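# Chains, contacts and geometry: an overview
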Amino acid sequence: TGAQEQLYIEPQGVIARFDEQGGLTIWGSMQCPYYIHNALKILFGLGDDDVRVIWCTTGGGFGGKEEYPSMISAHAALLARKAKRPVKLIYDRTEDIRATTKRHPSRTTHRTAVDADGRLLAIDVDFVIDAGAYMTLSPVVLSRGAIHAAGPYACENVRIRARAVATNFPPYGAFRGFGAPQSLFAAERQMDRVAKHLGLEPEELRRRNFLTLGDITATSQTLREEPDFPGLLARAKEESSYDEKRRAYDAHNRHGTSVKKGIGLATFYHGAGFTGSGEVYLSSIAAVRARTDGSVEVLAASTEIGQGTMTIFSQIAAEALGIAYDSVSVAAPDTALVPNSGPTVASRTTMVVGKLVERAAADLLRKLQGASLLGESYDDATFRNACRQYIERHGELRGEAQYEPPPNIVWDDQLYRGDAYGTYAWAVYVAEVEVDTVTYESRVTNFVAAQEIGRVVHPTLAAGQIEGGVAQAIGYSLYEKVVTKDGRVINPQMTNYIMPTSLDVPPIRVFFVEKPYAYGPGGAKGIGELPFDGPAPAIMAAIEHATGVSLDSIPTLPEDLMRAFGEGGAHD
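The residue count restarts for each chain, going from 1 along the sequence in the order it is written. Thresholds applied to this predicted model are a pLDDT of at least 70 for local features of residues and 80 or more for the giving and counting of side-chain atom pairs; totals over whole chains, interfaces and linings are not thresholded and use all residues. Heavy atoms throughout the structure, all of them, feed into the side-chain values; hydrogens and water do not.

A helix here means a DSSP run of H or I that spans at least four residues, while a strand means a run of E at least two residues long, and both kinds are numbered starting from the N terminus. Assigned secondary structure in the protein consists of 15 helices and 19 strands. Each radius of gyration reported is based on C-alpha atoms, and the globular scaling rule is 2.2 Å times the count of residues to the power 0.38. By the compact-globule yardstick of 25 Å for 572 residues, the protein fits well, its C-alpha radius of gyration being 25 Å. Principal axes of the C-alpha set define a box for the protein whose edges measure 80 × 60 × 45 Å. Exposure categories follow from relative accessible area, calculated using a 1.4 Å probe and restricted to protein chains: below 20% of the type maximum is buried, above 50% is exposed, and the middle band is partly exposed. Burial statistics for the protein: of 572 residues in total, 57% are counted as buried. For the protein, restricting intrachain contacts to residue pairs at least 6 apart in sequence, the fraction spanning at least 24 positions comes to 77%. Here a residue-residue contact requires only that any non-hydrogen atoms of the pair lie within 4.5 Å.

Structure follows, in structure tokens:
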């Protein structure tokens, strides 16, 4: 798999102000204010209260604004200290693409043993990512890629070797899915190869090997929830008319037309939240406080980067408190005002931080009821009056919650084994393509995404997350190629780094199967990373169905497809 640029709306940019009395203040476009806060404390030898990081409206991050804003903030802060005046440092688009981290390229090798019935006997994986010249977040990317490398399949004998390699390319870093899209692409393409070797339909091989309740994953985690893969597979096939279209496209392709049609699928999963002991190590905190007018404010460091954080947090707090949604607001992340709820990454905002918001709201409610100001049943007016009276009598009314792991979650950092994630999201995606055998252009014409993500808190925002992830992954598969020469990016502009436009994105039909997760807010799981994992292998499977050419690398540009046709032949 190749590198990929995040291409967020506005480039990296910060403002820094430094004075000896007030300390250091940063305003910027970012995902993780406390990452910057910690980096600058170390750089300048300052205390917690001497560094303040203020989030500004951010048009997307996708991992590209996870760790890199610490770099540009450090540069601006050093300049501000030397110049003794505020400094604004904003990259233009060319500088941004040239300098910042991108998705890690990868190379994965699979060896698979199966019996005559198609049951997996052994999975042997060698997973290698290109880290570039500096480490950045490569260990985290490598970790998640390795954990997902065997795919969502039951197999007693699994060996996964994973390495990040230093090279003379610009350093690579976090990008939505961080590692799983790379390793799952290889896992799913290998399953298609095995199915073809056995003479089985691709979906039938998967059906015979799906993980089920009680199965053990590659990290020796016992699944305590039932992944409804048979149901998801049936739903995706039904909504896409998979069987009918597969037969129809076979007939179409035999008629000698230059435009071939194909349909393919992928089945996959994604762990929600930080891996292993990551969430325990973070010990995230969120708070909810009431004002004298009875309105409520959510305090968390999680940033709004287009995914709907403010809406979701308001909704969760309002439901937990039993008040109107309009009575809740969300404070803009500012390290001087909000507790450290951890970074906005890893599909953790709704599931992990949202749960903290829910618990913090319950804590606030307990204080009101413990003060005999609120009963079990109340309306908005009664709640507002209770808040006013509490504050008049006792001062600040604030509920707070700190992360507590779900029960029975055990992870061994030394052996890297155990419960890698508290829960997983599960999905089946189906892609349809048209391939022009004259121009070698491939186009995705239809897409069906079926997933189980626990309870869907906000259906519109959830569907938007899936649609956005699929659109980005179409670019990853067919359009976006980072070209380097002598260790430098040589296509650092939107005129020569080609990403899909709205005209290149097909209708994306999104379907949810709801199975509430006991330890998420209202039963919700994580969702942000999941939709990036499945489109690429589904699209490549569809191209193979259309042309007969097996493709095992992305992005597949027209010249790559032309080369593959010459090597492997195609339907005439």
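Counting buried residues in strand β15 (residues 424-436) gives 11 out of 13 residues, a clear majority hidden from the surface. Two strands make a pair as long as DSSP finds a minimum of two bridges between them. Bridge count between strand β8 (residues 259-271) and β15: 13 bridges; the pairing is antiparallel. Paired with K261 across the two strands is E434, which belongs to β15. In this sheet, strand β16 (residues 442-452) lies alongside β15 in antiparallel orientation, the contact comprising 10 bridges. Residue pairing for β16: A427 is matched across the bridge by Q451. If you look at the hairpin formed by β15 and β16, you'll find five residues sitting between the two strands, and Y440 has a positive phi there, around 65°.

Here the focus is the side chain of T437. Within the secondary structure layout, T437 lies in the loop between β15 and β16. Polar contacts here mean pairs of N or O atoms no more than 3.5 Å apart (in protein, one a potential hydrogen donor and the other a potential acceptor; neighbouring residues in sequence count only if both atoms are side-chain atoms). A polar contact is formed between the side chain of T437 and the backbone oxygen of S258, at a distance of 2.7 Å. Once you skip the residues sitting within four places of it in the chain, T437 turns out to touch S258, K260 and F565.

Here H110 is to be found in strand β5 (residues 106-114). The contact partners of H110, leaving out residues within four places of it in the chain, are I123, D124, V125, A149, A186, A187 and Q190.

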